[in-house]
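# Structure at a glance
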Amino acid sequence: PPPLPPAIISRDATGRATIRATRIEEPIQLDGRLAEEVYARIPAITDFIQQEPQEGAPASEKTEAWVFFDDRNLYVSALCHDLHPEKMVANEMRRDSFTIWQNDNFGVVLDTFYDRRSGFMFYTNPVGGLSDSYVFEERENNRDWNTVWDARTQRSDQGWTVEIEIPFKSLRYKPGNPQVWGINLRRILRSKNEFDYLTPIPRSYGGQGFQKLSSAATLVGVEVPSG
């Protein structure tokens, strides 16, 4: 059963998070700038946790994230602070390239059936490269799966920002509202070989830890289109 819904985010004794998606009336202008007033009004999701190199330690760089939705799309946005943006690795623009994993990147995985085994994975890097795949049984990753979605990014002397737009029609989920999904967010800082998660993932799972949906957070409050 899902945990009790929080205002924005709560954590249990193990660090597993529950987050609430926020409905917005005006769609996000997908430009990566985080300029809409909703970013100032809605508190950010923070306190990411290292998997590598120091398992369980707070992330060395702050990540602020938001999950919004409207009648058509789910939006996942992030402000990725970086004290040394000149060390950022970002050079891959090819769709679904393995090299994007060797860049700094930010991703979201959505367990839309809340079965703790399968989900849709979306990644982007600071230059806007895109990668998506479908995870099943927590270990198989179908990189041939592609759907319609988009992301925009911006780099600055403070780090980088990202806005991801995923149409509901590009996903599958149970009927009815409100929805309860599994979710995890991950940020990779390649210059430090640091892997930071919204909900902690054991170091023993290595780079495939993002597929461990049984340890993912819970997303509540999403309302999908009817019909």
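None of these values were measured; they are calculated from a predicted model. (Residues numbered from 1 in each chain as written. Predicted model: local features only at pLDDT ≥ 70, side-chain atom pairs only at ≥ 80, totals over all residues. Heavy atoms only, no water.)

## Structural notes on the sheet that holds strand 11 (residues 150–156)
- Here five strands make up an open sheet; going across it, the order is 3-5-6-12-11 and the pairing mixed. In the strand order of this sheet, the two ends are held by strand 3 (22–23) and strand 11, each with one partner.
- Two elements, strand 5 (residues 63–69) and strand 6 (residues 73–81), share seven bridges in a ladder whose sense is antiparallel. Bridge pairing links Trp66 to Ser77 in strand 6. (Pairing = 2+ DSSP bridges. Helix = DSSP H or I, 4+ residues; strand = E, 2+ residues; numbered from the N terminus.)

## Details of the side chain of Arg116
- Locating Arg116 in the fold gives a position in the loop between strand 7 (105–111) and strand 8 (119–124).
- One buried charged residue, Arg116, remains without a salt bridge, the closest side chain of opposite sign being Asp111 at 5.0 Å.
- Residues in contact with Arg116, not counting those within four places in the same chain, are Arg16, Asp111, Glu138, Gly182, Leu213, Ser214, Ala216, Ala217 and Thr218. (Buried < 20%, exposed > 50% of the residue type's maximum accessible area, 1.4 Å probe, protein only. Lys, Arg positive; Asp, Glu negative; His and termini not counted. Salt bridge = Lys/Arg side-chain N within 4 Å of Asp/Glu carboxyl O. Contact = heavy atoms within 4.5 Å.)

## Details of unusual backbone geometry
- Of note, the bond from Glu52 into Pro53 is cis; its omega dihedral lies within 30 degrees of zero at 0°.
- Relative to the helices and strands, Pro53 resides in the loop between strand 4 (49–52) and strand 5.
- At the junction of Asn177 and Pro178, the peptide bond is cis and its omega measures out at -5° in the coordinates.
- When you line up the elements, Pro178 lands in the loop between strand 12 (159–167) and strand 13 (179–189).
- One non-glycine residue with positive phi stands out, namely Glu137, at about 55°.
- Classification of Glu137 by relative accessible area gives partly exposed; the value is 40%.

## Concerning the packing of aromatic side chains
- Inspection of the entire model under this criterion finds 13 aromatic pairs.
- Centroid distance Phe122 to Trp145: 6.0 Å. Interplanar angle 70°. Geometry classified as edge-to-face. One end of the pair, Phe122, is in strand 8; the other, Trp145, is in the loop between strand 10 (140–142) and strand 11, and 23 residues separate them in sequence. Both residues of the pair, Phe122 and Trp145, belong to the buried class.
- Here Phe122 and Trp149 contribute two aromatic rings whose centre-to-centre distance is 5.1 Å and whose plane-to-plane angle is 70°, an arrangement assigned as edge-to-face. Linking Phe122 in strand 8 with Trp149 in the loop between strand 10 and strand 11, this pair joins segments that are 27 residues apart in sequence.
- Classification of Phe122 by relative accessible area gives buried; the value is 0%.
- The buried category is assigned to Trp149, whose relative accessible area is 7%. (Phe/Tyr/Trp six-rings, centres within 6.5 Å; stacked < 30°, edge-to-face > 60°.)

## A closer look at the pattern of salt bridges
- Counted by the stated rule, this structure contains ten salt bridges.
- Salt-bridge contacts for Arg23 lead to Asp71; the nearest nitrogen and oxygen are separated by 2.9 Å. Of the two residues, Arg23 is situated in strand 3 and Asp71 in the loop between strand 5 and strand 6; the sequence distance between them amounts to 48 residues.
- A relative accessible area of 31% places Arg23 in the partly exposed class.
- As a salt-bridge pair, Arg94 and Glu92 come within 2.8 Å of each other at their nearest N and O atoms.

These values are about where atoms sit, not about what they do.
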